[in-house]
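Chains, contacts and geometry: an overview
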Amino acid sequence: MRGSLLTSLDRPWVFEARSVGDADDRVVERALWVVVLASLALDVSTTWLGLSMGLAEGNPVMRWAIDGAGFGALAAAKLLVVGGAVCLRAARPRHGTAIALGLALPWTVTVLVNAVVLASV
């Protein structure tokens, strides 16, 4: 055996554990990207439904954009954010899970808030 237990290259279990961890991370990241896409679609849908029912957009910047450019501004903004996140993911692949979570979490909360508001109307 070369070196100590900590420096030995004869530890295949270390590499196997990393492989399994990497595979788990990829599964989690893929699942989060699915949540991102689903929450994006649901956010746009629930926002459209709320606006068609006479409710106002809660985000003042998006309210201004929708008033000026129409509902397509919301979809364009969402796609711009996802495109930026995908570019960031390509530049920093180690942080892919955090990037996906950074979109999935607030958009899922937004969908839940939209659903509660729509249910109360």
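1. Describing the packing of helix 3 (residues 72–91) against helix 4 (residues 96–120)
Between helix 3 and helix 4, whose axes approach to 9 Å, the crossing angle comes to 160°. Here helix 4 runs roughly antiparallel to helix 3, going by the angle between their axes. Where helix 3 crosses over helix 4, the two elements pack in a sense that is right-handed. On helix 4, the residues that touch Lys 78, Val 81, Val 82, Ala 85, Leu 88 and Arg 89 of helix 3 are Gly 96, Ile 99, Leu 103 and Trp 107. Each residue belonging to the contact of helix 3 with helix 4 can be placed in one class, and the counts come to seven nonpolar, one polar and two charged.

2. So, the pattern of salt bridges
Close approach of charged atoms allows side chains with opposite charge to pair. Applying the stated criterion across every chain yields a total of two salt bridges. The partner of Lys 78 in a salt bridge is Asp 43, with the nearest N and O atoms 2.5 Å apart. With a gap of 35 residues between them, Lys 78 in helix 3 and Asp 43 in helix 1 (residues 12–52) connect regions that are remote in the sequence. Both residues of the pair, Lys 78 and Asp 43, belong to the buried class.

3. Digging into helix 2 (residues 60–69)
Of the positions making up helix 2, those classed as buried are Met 62, Ala 65 and Ile 66. Projected down its long axis, helix 2 shows its buried positions confined to an angular sector of 95°, all on one face. In this structure, helix 2 carries Pro 60, Trp 64, Asp 67 and Gly 68 as exposed residues pointing more than 90 degrees from its buried face. Of the residues that open helix 2, the one with a side-chain oxygen 2.9 Å from the backbone nitrogen of Val 61 is Asn 59.

4. Here's the deal with the side chain of Ser 39
With respect to the helices and strands, Ser 39 occurs in helix 1. Using a relative accessible area of 4% as the deciding quantity, one classes Ser 39 as buried. A polar atom in the side chain of Ser 39 sits 3.0 Å from the backbone oxygen of Val 36. Once residues within four sequence positions are removed from consideration, Ser 39 is found in contact with Ala 104, Trp 107, Thr 108 and Val 111.

5. Considerations on the nonpolar core
Ranked by size, the top nonpolar core spans 11 residues in total: Leu 32, Trp 33, Val 36, Leu 40, Val 82, Ala 85, Ile 99, Ala 100, Leu 103, Ala 104 and Trp 107. Residue assignment for this core shows that the elements contributing at least two residues are helix 1, helix 3 and helix 4. A per-element tally of this core places helix 4 first, with five residues. If we skip the residues at most four places from it in the chain, Leu 40 touches Lys 78, Val 82 and Trp 107. Residues Val 44, Ala 65, Ile 66 and Ala 73 belong to the second largest nonpolar core, which totals six residues.

Here is what the cut-offs are and how they apply
Residues numbered from 1 in each chain as written. Predicted model: local features only at pLDDT ≥ 70, side-chain atom pairs only at ≥ 80, totals over all residues. Heavy atoms only, no water. Axes fitted to C-alpha atoms, helices over the stretch in contact; angles between N-to-C directions. Helix = DSSP H or I, 4+ residues; strand = E, 2+ residues; numbered from the N terminus. Parallel < 35°, antiparallel > 145°, perpendicular 65-115°, else oblique. Left-handed = near helix turned anticlockwise from the far one by under 90°. Contact = heavy atoms within 4.5 Å. Nonpolar A, V, L, I, M, F, W, Y, C, P; charged D, E, K, R; others polar. Salt bridge = Lys/Arg side-chain N within 4 Å of Asp/Glu carboxyl O. Buried < 20%, exposed > 50% of the residue type's maximum accessible area, 1.4 Å probe, protein only. Arc of directions from axis to C-beta. Polar contact = N/O pair within 3.5 Å; in protein donor to acceptor, adjacent residues only side chain to side chain. Core = buried A, V, L, I, M, F, W, Y, C linked by side-chain atoms within 4.5 Å.

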